[in-house]
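Structural overview for review
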Amino acid sequence: MEIDLLFFINLFLDTLSYWWVIVPSIFLGLIVGAIPGFSAANTIIILLPFTLIMEVEVGLIFMIALYSSSRMGAGIPAILVNIPGTAGAAATPLDGYPMTKSGRGQQALAISFVSSTLGGLLTTVLAIAAMPILAKVGFYMHSVEMVVVMLFGISLIASIAAKDTLKGLIAGFFGLMIGSIGADHVYATPRGTFGFLEFYDGVPLIPALVGLFAVSEALLVIEGESVLVKKKQIEEDHSSWNETIIGMKIAFKHWWHITWNSLIGLVVGVIPGAGASIASFVAYQQSRTYSKTPELYGTGHPPGLIAPESANNGVTSGTLIPLLVLGIPGGATAAIMMVVLQYQGVNTGPRLFLDNPTLGYGVFMAMFVTYLFMLLTIMPLSRYMSRVTLISTVYMSPLIISFTLIGSYVPRTYMFDMYLAFAFGIIGYIARKTGYHVAAILIGVILGPLLEQYMLRALKMSDGDVMVLFRSDLANVLWIVLVVTLSFPYIMKKFRSRKDTPPDKPEGQENVFAKD
Amino acid sequence: MSAFKNKSRRQFLIETAGSAATLGMVSAFGGISSAQAASFPDHNMDVVVGTRAGGGADRALRAVSSVWKDYLNTNFEPAYFPGASGRVAYEVYMGKRDPDCYNLLFGNMGPELLNWVVKKPTFNLDDFMYFGRVDTDPCCVFVKADSKYRTIDDLVAEGKKRKLNVGTSRMAHPASVGILAVGEKTGAQFNLIPLSGGKNTVAGAVTGEMDFSVLTSGSVIAAGEAVRTLLVFNDENVMAAKLNNAPTMNDHFGTDIPPLLSARAFGIHVAAVNKYPDRFALLQETFKKSVQDPAFAPAFKKAKGTPEYINYGGIEECRKYAEEITELGARFKSMLSGKA
């Protein structure tokens with residue numbers, strides 16, 4: 001079979017004919033993505049008996065559509081009520097929720113939808129075009145390189161700490177300490193578990209996530225009548241389609257930003273074991289670093305929303321590349337897809353594209369078509385979804401707490417996790433009331449264990465030689481980029497302040513620099 | 001692992017005398033009476049699973065329960081407790097589930113028994129027993145398909161020159177024990193690197209971060225052409241065609257180590273066995289019939305299992321395996337727990 005333009009056109013048209021699977025799957029994915037604790041992975045597991053009896057194409061398209069839309073769905077509650085549906089959406093509320101609070105929820109949703117779909121479309125096309133090259137990324141990104149990638153994300157703590165250094169760093173270190181709870185990554189020796197077996201695998205992410213963000217937010221908003229102040233409520237109540245169009249325009253205006261951050265997502269997604277949470281924090285950090293207005297991040301700045309949303313959708317196609325090309329699933333959902341494929345007698349790996357190119361490329365085409373449908377079907381919902389913020393806090397807070405506690409229970413079905421979410425909620429509430437940044441805590445909780453895991457693995461491989469961190473060429477390049485990234489804002493600040501220096505400065509000073 | 005190691009066959013059978021006696025009666029009278037069958041089970045069987053939903057153990061459980069439910073005329077309801085490499089599941093099962101024969105545990109004997117070698121559980125090991133093995137999946141050594149190491153001897157030769165990094169699912173795993181035994185026999189040096197799960201272990205070898213990896217062969221077969229198998233830790237390479245005709249450990253190195261297997265099995269409270277011998281006898285009898293039922297192999301295959309690895313085992317087989325693996329684990333305990 002010849003793989004040419006005609007092949008892809010036929011494949012596209014053929015995939016379009018499965019709209020009856022794609023559209024319902026998109027809405028199902030949105031719902032499960034939006035509920036904390038649920039995810040595409042556990043939904044596919046629940047629906048596994050149905051998936052297995054479907055025709056292989058139908059089952060695959062169903063899973064792909066569910067997977068892609070759940071990623072977008074996770075961003076909706078993150079923006080509207082400060083509840084990231086998954087760890088991959090943990091960076092979304094940093095700017096998404098402040099937008100909502102300032103009465104721009106509809107805009108924020110439109111920005112998120114456009115960023116997600118464009119990011120997804122772009123990376124899907126890239127995945128098809130550059131699959132053999134991208135599949136090799138995992139061959140170069142080993143533990144040492146991943147240590148540096150983690151540091152990109154963790155350095156966000158320093159950015160957050162820039163406003164109030166002491167409180168920012170305390171919050172960050174507190175998060176890192178919580179992240180170190182659990183069995184160590186090499187010998188499985190339990191540390192800081194306080195005798196709870198439930199902590200052996202570390203602090204579960206969903207309870208930490210929903211507790212720090214959602215429960216604490218619910219406790220805070222109940223102090224007022226609404227998420228929005230009165231004036232913004234009236235604005236939101238009278239909002240028109242114009243808000244959606246403005247949001248779309250903002251997102252399209254930042255097309256380069258979407259491109260760049262979705263590429264970060266794609267590359268991170270290709271690395272086995274890495275995932276959306278890493279990609280979204282790294283993207284946010286990169287976005288903020290190279291922004292001309294870094295001080296606006298965290299205040300409802302659209303690029304701060306575009307970055308994580310386009311990155312975590314870039315991960316979606318990235319995780320499928322190692323599965324299809326190498327036979328190694330890049331994430332939990334991909335692993336379950338592999339089970340379904342193998343059940344249907346389809347073996348993934350290098351031969352898939354030779355033996356069954358329609359199916360191999362069809363996976364990405366299904367993703368491409370899903371994103372197209374998402375743009376058309378979900379965008380109109382932004383206007384109505386944003387009305388959630390008009391619900392009185394008397395109803396909103398208990399609803400948030402109930403949903404999040406259930407969401408905390410779902411992944412492991414431990415009652416313990418519900419108590420834990422509430423405990424994190426109290427921590428988050430105190431942190432917010434006293435001016436500590438919950439995002440800094442969360443970065444430590446999410447990325448800390450990953451950093452430790454890669455670091456310990458690298459050290460174990462080198463018999464404890466720290467210099468192993470500088471022996472790989474790629475790692476050294478990444479170290480340089482990290483240093484440049486971290487010093488860039490200070491250099492730019494210096495540069496700008498010099499540029500802004502009034503020309504009527506005392507001559508003596510200018511002469512000194514001139515002589516230098 | 002004294003509980004299994006020090007427990008003689010006679011002692012073990014005495015402890016489960018009630019069930020054995022009932023089983024004898026069952027054999028003599030040609031089966032469990034319909035009255036007994038009617039009264040038990042009268043509601044769903046609850047199964048505590050030590051791994052995540054959708055994982056290998058879950059799929060095996062679903063396959064066997066799809067057949068077993070017809071013999072017991074009831075459904076199986078799994079509850080997943082994947083924490084701490086299965087530790088949480090055992091603690092929950094022993095601490096919070098009633099010993100009434102309605103509550104069972106489904107686990108992976110090899111890694112979970114080694115867990116206990118490294119760190120004892122809070123409950124008394126004598127209070128728990130395995131009684132029904134579904135399959136035995138031997139561990140193996142594998143490299144990426146285009147690796148410069150073509151045979152196990154190449155690896156050993158290289159391991160004598162420098163310490164080789166070996167990807168493993170986790171430290172306390174039969175595959176880890178296997179490669180340490182190879183090192184002990186040959187003098188080659190191997191540095192075990194736990195990669196948290198089979199998926200990452202395969203990736204470790206395929207991406208070249210590890211010199212090679214060790215894992216259960218079922219997962220290696222699933223990786224297809226991306227990998228090549230060099231050694232199998234079993235008495236016989238049952239899946240030779242799919243495992244590159246790799247030699248077995250004992251044949252190749254002249255060792256005498258027991259098969260290093262991932263063996264998925266049902267376990268139960270000993271108290272339940274003693275309190276309800278009739279129920280336990282019914283469970284044993286129907287479980288055996290289920291695994292040997294012609295419908296099971298296709299169900300197991302559909303659940304991504306390797307039908308060739310289906311290997312029914314009763315109390316005695318499980319006890320023997322437990323004894324062997326814990327004895328071997330104790331031998332390498334210092335290396336598995338980082339106290340070497």
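Residues numbered from 1 in each chain as written. Chains lettered and ligands numbered in written order. Predicted model: local features only at pLDDT ≥ 70, side-chain atom pairs only at ≥ 80, totals over all residues.

A closer look at the overall build of chain B
- Helix and strand counts for chain B come out as 17 helices and ten strands.
- Counting only residues that meet the buried cut, chain B has 58% of its 340 residues in that class.
- Look at the contacts in chain B between residues 6 or more apart in sequence, and 79% of them connect residues 24 or more apart. (Helix = DSSP H or I, 4+ residues; strand = E, 2+ residues; numbered from the N terminus. Buried ≥ 20, exposed ≤ 12 C-beta atoms within 10 Å, placed from the backbone. Contact = placed C-beta atoms within 7 Å.)

Thoughts on the overall build of chain A
- Broken down by element type, chain A carries 27 helices and two strands.
- Once local pairs closer than 6 in sequence are excluded, the contacts in chain A between residues at least 24 apart make up 79%.

Focus: the interface of chain A and chain B
- Between chain A and chain B, the residue contacts involve 35 residues of the former and 33 residues of the latter.
- When residues of the side of chain A that touches chain B are traced back to their parent elements, those giving at least two are helix 3 (40-46), helix 9 (137-140), helix 19 (332-343) and helix 25 (438-461) of chain A.

Regarding the pairing of strand 3 (residues 103-108) of chain B
Residues and elements named next belong to chain B.
- A large share of strand 3 lies buried, amounting to five of its six residues.
- With four bridges joining them, strand 3 and strand 9 (residues 261-269) adopt antiparallel strand pairing. The residue bridging F106 from the neighbouring strand is F266, located in strand 9. (Pairing = 2+ DSSP bridges.)

Regarding the domain arrangement of chain B
All names here are of chain B.
- The domain architecture assigned to chain B consists of domain 1 (2-136 + 260-336) and domain 2 (138-253).
- Tallying the contact residues gives 20 residues for domain 1 and 18 residues for domain 2.
- Counting residues per element, the ones that place at least two in the side of domain 1 that touches domain 2 are helix 7 (109-118), strand 9, helix 16 (315-331) and helix 17 (333-336).
- Taken together, the residues of the side of domain 1 that touches domain 2 sort by class into twelve nonpolar, seven polar and one charged. (Domains from an automatic or database assignment. Nonpolar A, V, L, I, M, F, W, Y, C, P; charged D, E, K, R; others polar.)

Structural notes on helix 6 (residues 87-96) of chain B
All names here are of chain B.
- Summarising burial for helix 6: seven of the ten residues are buried, a large majority.
- Regarding helix 6, the residues found buried are R87, V88, A89, Y90, E91, Y93 and M94.
- On its buried side, helix 6 packs onto strand 1 (45-49), strand 3, helix 7 and strand 4 (128-144).

A word on the packing of helix 16 (residues 255-270) of chain A against helix 18 (residues 302-326) of chain A
Residue and element names in this part refer to chain A.
- Where helix 16 contacts helix 18, the axes come no closer than 6 Å and their chain directions differ by 35 degrees. Crossing of helix 16 over helix 18 shows right-handed handedness.
- The residue inventory of the contact of helix 16 with helix 18, partitioned by class, reads 14 nonpolar, 13 polar and no charged. (Axes fitted to C-alpha atoms, helices over the stretch in contact; angles between N-to-C directions. Left-handed = near helix turned anticlockwise from the far one by under 90°.)

Digging into the nonpolar core
- By size, the foremost hydrophobic cluster in this structure holds 270 residues, and its most contacted members are L209, L442 and I443 of chain A together with C140 and F212 of chain B.
- Residue contributions to this core reach at least three from each of two domains, namely domain 1 (2-136 + 260-336) and domain 2 (138-253) of chain B. (Core = buried A, V, L, I, M, F, W, Y, C linked by C-beta atoms within 7 Å.)

Describing the environment of Y290 of chain A
Residue and element names in this part refer to chain A.
- For Y290, the position within the fold is in the loop between helix 17 (276-289) and helix 18.
- Overall, Y290 belongs to the partly exposed group, with 15 C-beta atoms counted inside 10 Å.
- C-alpha of Y290 to C-alpha of A423: the two residues are 133 residues apart in sequence and 36 Å apart in space.

Remarks on the environment of E217 of chain A
Residues and elements named next belong to chain A.
- For E217, the location among the structural elements is in helix 13 (residues 205-221).
- With 178 residues separating them along the chain, E217 and Y395 place their C-alpha atoms 14 Å apart.
- Residue contacts for E217: discarding those within four places in its chain leaves V81 and N82.

Overview of the pairing of strand 8 (residues 227-232) of chain B
All names here are of chain B.
- Across the six residues that make up strand 8, a large majority, six, are buried.
- Two elements, strand 4 and strand 8, share five bridges in a ladder whose sense is antiparallel. Residue pairing for strand 8: C140 is matched across the bridge by V232.

Section: the confidence of the model for chain A
Residue and element names in this part refer to chain A.
- When pLDDT is averaged along chain A, the result is 82, and 88% of the positions lie at 70 or above.
- Predicted confidence in chain A is weakest over helix 27 (residues 507-515), with a mean pLDDT of 36, and strongest over helix 24 (residues 415-433), with 91.
- Considering only residues more than four positions removed or in separate chains, one finds that residues 505-516, a stretch of pLDDT under 50, has one contact. (pLDDT = per-residue confidence, 0-100.)

Some details on the environment of A272 of chain B
- Along the chain, the position of A272 of chain B falls in helix 13 (residues 270-275).
- Along the chain, A272 of chain B and D98 of chain B lie 174 residues apart, while their C-alpha atoms are 8.3 Å from each other.

Here we look at the packing of helix 1 (residues 5-16) of chain A against helix 21 (residues 357-378) of chain A
Residue and element names in this part refer to chain A.
- Relative orientation of the contacting elements helix 1 and helix 21 amounts to 60 degrees, with a least axis distance of 9 Å. If you check the angle between helix 1 and helix 21, you find them oblique. Of the two possible hands of crossing, helix 1 and helix 21 adopt the one that is right-handed. Between helix 1 and helix 21, the residues in contact are L11, F12, T15 and L16 and T358, Y361, G362, M365, A366 and V369, respectively.
- Looking at the contact of helix 1 with helix 21, its residues break down into seven nonpolar, three polar and no charged. (Parallel < 35°, antiparallel > 145°, perpendicular 65-115°, else oblique.)

Details of the confidence of the model for chain B
All names here are of chain B.
- Of the residues in chain B, 88% have a pLDDT of 70 or more, and the chain-wide mean is 85.
- Low pLDDT, under 50, characterises residues 1-35; the predicted model gives this stretch 42 contacts beyond four residues in sequence or across chains.
- Quick note on the complex model: pTM equals 0.76, ipTM equals 0.79.

Re unusual backbone geometry
- The linkage connecting F40 of chain B with the following residue, P41 of chain B, adopts the cis geometry, with an omega of -5 degrees.
- Within the secondary structure layout, P41 of chain B lies in the loop between helix 4 (34-39) and strand 1.
- Even without a glycine there, the phi angle at F194 of chain A is positive, about 55 degrees.
- Along the chain, F194 of chain A turns up in the loop between strand 2 (190-191) and helix 13.
- Of note, C101 of chain B is a non-glycine position whose phi angle comes to about 70 degrees, a positive value.
- In this fold, C101 of chain B is placed in the loop between helix 6 and strand 3.

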